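Report on the structure
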Amino acid sequence: MRVNFVTGIFFVSALTAAGILTTAVIPFLATIPLIRRKIIIIVEIAIISISLLILYYTSRFYFYPYSFRGLLYVNLYFIASEYIDKASIVDVLGEAGVPIAVALSYYPYLTSIVRDVVFYSRARKKNVFRVTLPIIVQLVKSVQDIWITYNLKLFGNFRKDKIKITSSEIVLLLYGFATLCLSFLLKV
Amino acid sequence: MLVISPKGLTGKIELGENERVALVGRSGSGKTLSIKTALCLNSGLSMIDDKSFCETQDFSIVNAVFQEPNTQILSTSLEEELKLISRYHPVDLELAKQLMGKYFTRDFFKLSDGYKRRYVISSVLSFEPKYVLLDEPFANVDREGTSLIAGIIPRGSLIAEHRIPVIREIVDRAYVIEDGRIEEIKKDKLFDEDFLRKNGLRGFKVDKIDTDKGKELLNVNVRGINLRVREGEIVCLVGRNGSGKTTLIKSLAGKIYAIFQNPDLQFFYETVEREVGDDETMRKLGLYKLRERSPYALSYGEKMRVLIASALASKYKVVALDEPTAGLDGVNLISFVELLGSVLNSKRGVIIATHDEEIINICDKIINLS
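Cut-offs and rules
Residues numbered from 1 in each chain as written. Chains lettered and ligands numbered in written order. Predicted model: local features only at pLDDT ≥ 70, side-chain atom pairs only at ≥ 80, totals over all residues. Heavy atoms only, no water. Helix = DSSP H or I, 4+ residues; strand = E, 2+ residues; numbered from the N terminus. Buried < 20%, exposed > 50% of the residue type's maximum accessible area, 1.4 Å probe, protein only. Contact = heavy atoms within 4.5 Å. Core = buried A, V, L, I, M, F, W, Y, C linked by side-chain atoms within 4.5 Å. Domains from an automatic or database assignment. Phe/Tyr/Trp six-rings, centres within 6.5 Å; stacked < 30°, edge-to-face > 60°. Lys NZ or Arg CZ within 6 Å of the ring centre and 35° of its normal. pLDDT = per-residue confidence, 0-100. Buried area = accessible area lost by both parts, 1.4 Å probe. Salt bridge = Lys/Arg side-chain N within 4 Å of Asp/Glu carboxyl O. Polar contact = N/O pair within 3.5 Å; in protein donor to acceptor, adjacent residues only side chain to side chain. Nonpolar A, V, L, I, M, F, W, Y, C, P; charged D, E, K, R; others polar. Patch = residues over 30% accessible without salt bridge, like charges linked within 9 Å, V, L, I, M, F, W, Y side chains within 5 Å. Areas by Shrake-Rupley, 256 points an atom, 1.4 Å probe, with all protein chains shown as cover. Pairing = 2+ DSSP bridges. Axes fitted to C-alpha atoms, helices over the stretch in contact; angles between N-to-C directions. Parallel < 35°, antiparallel > 145°, perpendicular 65-115°, else oblique.

The secondary structure content of chain A amounts to nine helices and zero strands. Along chain A, helices (α) and strands (β) appear in the sequence α-α-α-α-α-α-α-α-α when read from the amino end. Overall size of chain A, expressed as C-alpha extent along the three principal axes, is 60 × 50 × 25 Å. Buried residues in chain A amount to 46% of all 188 residues. Here the analysis covers contacts within chain A between residues at least 6 apart in sequence; of these, 78% occur between residues at least 24 apart.

Printed below as a string of C-alpha cells:
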C-alpha cells in the first residue's frame, strides 16, 4: 500500500496530535499493525516493558506517557518511510522534497549499519560507547556516495506531476481519524 | 567516442558506443579515479567527440554505477525510484521492467546481492546513456549474480573490475593501469596467467598452504552442520549469496574470532596501534610503520591485515573470515594467503566463507551450504 505525501502528512499529524494531547498509549498501539518489521515491534515491546518497570519501582509511574510518545514518533517515521510514495513528496514540495524522499528510503540501511556495528562490538567485547566511531565514519562515507548518486540520476529540468487519490488514501485517513477519536474517548 | 585522460596518469582510455571495454589494474592504481574523471568529478580531461564533457556535464550521455549498491538508490523500489527520476528527465520504464523482471517493485533491501547490483545498473540504463562506466560491478557476487549482471551490461560500457575471468568473456578490448600509465592491451592477455601475476592482477588460482594439522580446536553443531576445525586447518564454507554463510559465522560469535565483509564497520579505535593492541603482532604482520595511522585511511588490503592482526592478538584459536578476498587484487591476494600462513602457524584454525573460485585451492575441507 502506497499513499501520497499529503495523506501521509495528515495521518502523521493526526497521530502526533493524539500523542501530544493524550497519554499516547492508543496512538502508539495504532501504529503497531502498520509496522512491517517484526524485530522493531519486539524491541519496542521490550523497551516499553523495561521503562514501565523502572518507572513503577522508582515511584515515577506518571512519566509513562513519555515512553509511549517517544516510540510513537519513531514508529511514525517508519510508517512514513514505508507507506508514502516518495515521488509524491517532490510533487508537493518541489525540488526541496527530494532530500526528504531520499532520507526516508535509507532507514533500513541505517538500521542495518547500527545492528552490524553493535553485533561486531559485542562479538569482540568492545566498550559499547565505541560503536559511535564506525557508525559516524560509515554515515559520512554514505552521504558522499548518495550525493554523487543524487547528481548522476537527478539531472535535467524538474517538473511536478499531479497528485493521485486512491482507495488507500481513504483507508489511511479513516484509520488516523478513528485513532484520534479513540484516544480522546478511551482515557488509557 | 568517449576519451578519458585522468590527471596524474599518462595515456588515455577510449570508449566507443558499440563496444565493451575492460579497465584493469591493481587496487589504488586509478580505476575509480578514471571513472570519476569521465564524470568531471575529478581533475583531468573527459571528451566526447572532441568536445569537453565537463562544459555540459550531461549525464544522459555519460553515467556511472559505483561499487556499493546500498548507497546508490534514491527510493526503496526501482518502480518508485524511476517515478522520482522521471520528474527530471525521461526514463524507459519498460526497459527497466524487462531488466528487473518480477523484482521491479520489490523492496531494494529485500533483494539478493546480484539483484541489488542489477537494480542500480537498471536504474541508470533506464535513461539510456550512450556510455556507462561500471566500477567493480561483480565484486562479491556469486556465480548466479554474476550472470545476472553480465546479461545486462550494454555496449558503450567501460568495466573496471578485479575479477578478470568474469569480464574477459564479455569485453572487446582492455586497458591496464600500471605505475601511473594507462596502456591498451590485447584481450588475449587477460587469459595469460603470467601476465596477470606480473601485473598484480587476479585470474589465477593460488597455491595450497602447507601446514601440519594439530589437535581439534572447534567441534560444534550449528544449523544442522557439524563444523570441526583443527590447528593448521582451513575449512571453507561455500554457497551462493544468501545461503547462510555469514549467518553461520555470526552464530559462532564468542567461540571464534570473526572478521566480516565491511572492514570499516569493524574498527573501534582511531589508530592501528590501539586497534591491534599488541606491538609484537604488529611487527610480525608489517603493521608497525602504520601504527599511528587511522585504520579507516588504509587500503583495503591493509585493513584486512589490521583485522587479522587483531585476531592474532586475541585469545581465540579459530579465526573466521567472511568473503575476505572480495576487494583484493593479485598482489594483495598472494599477500593475504601468506598472512593466512602466519595464522595457521600460530596453532590456529581458519574458517573462510567464500564463493571466490580462485582461493578454493587453499581449503583443506569444503562445506557447501547451497
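Now that the structure is up, let's keep going.
With that settled, the discussion passes to unusual backbone geometry. Working note: non-glycine residues mostly have negative phi, and peptide bonds are mostly trans. Residues and elements named next belong to chain B. Within the chain, Asp 179 stands out as a residue other than glycine whose phi angle is a positive 50 degrees. With respect to the secondary-structure elements, Asp 179 resides in the loop between β9 (173-178) and β10 (181-185). Positive phi values are uncommon outside glycine, yet Arg 223 reaches one of about 50 degrees.

With 148 residues, the main nonpolar core has Leu 133, Leu 227 and Leu 321 of chain B as its most contacted residues. Two domains each put at least three residues into this core: domain 1 (2-198) and domain 2 (216-368) of chain B. If you look at the next biggest cluster of nonpolar residues, it comprises 30 residues, including Ile 32, Ile 40, Ile 48 and Leu 71 of chain A.

For the structure on display, the rule yields 24 aromatic pairs over all chains. Seen from their ring centres, Tyr 62 of chain A and Phe 63 of chain A are 4.8 Å apart, and the 45 degrees between their planes marks the pair as tilted. With a relative accessible area of 36%, Phe 63 of chain A lands in the partly exposed category. With a centroid separation of 6.2 Å and an interplanar angle of 75 degrees, the aromatic rings of Phe 119 of chain A and Tyr 120 of chain A are classed as edge-to-face. Of the residues examined, Phe 119 of chain A reaches a relative accessible area of 25% and is grouped as partly exposed. Put simply, the rings of Phe 28, Tyr 56, Tyr 57, Phe 61, Tyr 64 and Phe 68 of chain A pair up and form one aromatic cluster. When the ring centre of Phe 119 of chain A is taken as origin, the NZ or CZ atom of Lys 250 of chain B, which lies over that ring, is 5.4 Å away. Its end group placed over the ring of Tyr 316 of chain B, Lys 315 of chain B keeps NZ or CZ at 4.1 Å from the ring centre.

This part covers the confidence of the model for chain A. With 100% of its residues at a pLDDT of 70 or more, chain A has an overall mean of 90. Within chain A, helix α6 (residues 98-105) of chain A has the poorest average pLDDT of any element, 87, and helix α2 (residues 25-31) of chain A the best, 95.

Quoted interface sizes are often the accessible area lost when the parts come together. Taken together, the contacts link 49 residues of chain A with 49 residues of chain B. Summing both partners gives a buried area of about 4,600 Å² for chain A against chain B, and 60% of it is carried by carbon and sulfur. Across the chain A-chain B interface, the total number found is nine salt bridges. In this structure, Asp 161 of chain A engages Arg 87 of chain B in a salt bridge whose closest nitrogen and oxygen atoms are separated by 3.8 Å. The interface formed by chain A and chain B contains 20 residue pairs in polar contact (both at pLDDT 80 or more). Listed by contribution, the elements that provide at least two residues to the side of chain A that touches chain B are α5 (86-93), α6, α7 (107-123) and α8 (132-153) of chain A. No other element matches the 14 residues that α8 of chain A contributes to the side of chain A that touches chain B. In the side of chain A that touches chain B, the residues fall into 25 nonpolar, eight polar and 16 charged.

Residue and element names in this part refer to chain A. There is a patch of nonpolar side chains on the surface, built from Val 6, Phe 10, Ile 163, Ile 165, Ile 170, Leu 173 and Leu 174 and spanning about 650 Å² of accessible area. Elements with a minimum of two residues in the nonpolar patch: α1 (5-21) and α9 (167-185). With respect to the helices and strands, Ile 170 occurs in helix α9.

Glancing now at the domain arrangement of chain B. Residue and element names in this part refer to chain B. Taken domain by domain, chain B comprises domain 1 (2-198) and domain 2 (216-368). Using C-alpha coordinates to define each centre, domain 1 is positioned 30 Å away from domain 2. Contact residues are listed per partner, giving 11 residues for domain 1 and 14 residues for domain 2. For the pair domain 1 and domain 2, the two sides together bury roughly 1,200 Å², of which 38% comes from carbon and sulfur. For domain 1, the biggest contributors to the area lost against domain 2 are Arg 26, Asn 140 and Asp 142; these three give 46% of the whole. Applying the counting rule to domain 1 against domain 2 returns three salt bridges.

Right, let's talk about the pattern of salt bridges for a bit. Once the charged atoms of two side chains with opposite charge are near each other, the side chains can pair. Residues and elements named next belong to chain B. Tallying each qualifying case throughout the model produces 30 salt bridges over all chains. A salt bridge links Asp 172 to Arg 155, with the nearest nitrogen and oxygen atoms 3.3 Å apart. Of this pair, Asp 172 sits in the loop between α7 (164-167) and β9 while Arg 155 sits in the loop between α6 (143-150) and β8 (157-160), and the two are 17 residues apart along the sequence. Residue classification places Asp 172 among the partly exposed residues on the basis of a relative accessible area of 35%. The class for Arg 155 is partly exposed, based on a relative accessible area of 41%.

Residue and element names in this part refer to chain B. Pairing is mixed in the open sheet, where six strands are placed in the order β6-β7-β8-β3-β9-β10. Of all strands in the sheet, those with a lone pairing partner are β6 (62-65) and β10, marking the two edges. Neighbour to neighbour, the strand axes of the sheet diverge by 20 degrees on average, direction disregarded. One ladder, built from five bridges, connects β9 with β10; its direction is antiparallel. Each residue of the ladder has a partner; that of Val 176, found in β10, is Glu 183. Sheet contacts for helix α5 (residues 113-125): β6 and β7 (131-135); angle to β6, the most-contacted strand, approximately 170 degrees.

All names here are of chain B. Look at helix α12 (residues 300-313) against helix α13 (residues 330-345): their axes get within 11 Å of each other, and the N-to-C directions meet at 5 degrees. Regarding the angle of α12 to α13, the classification is roughly parallel. Residue-level inspection shows Gly 301, Arg 305, Ile 308 and Leu 312 of α12 in contact with α13, the latter providing Asn 332, Ser 335, Phe 336, Leu 339 and Val 343. In terms of residue class, the contact of α12 with α13 is built from five nonpolar, three polar and one charged.

All names here are of chain B. The pairing of strand β11 (residues 216-222) with strand β12 (residues 225-230) spans six bridges and is antiparallel. Residue pairing in the sheet places Asn 221 in a bridge with Asn 226 of β12. Linking β11 to β12, which pair antiparallel, is a turn of two residues; within it Arg 223 sits at a positive phi near 50 degrees.

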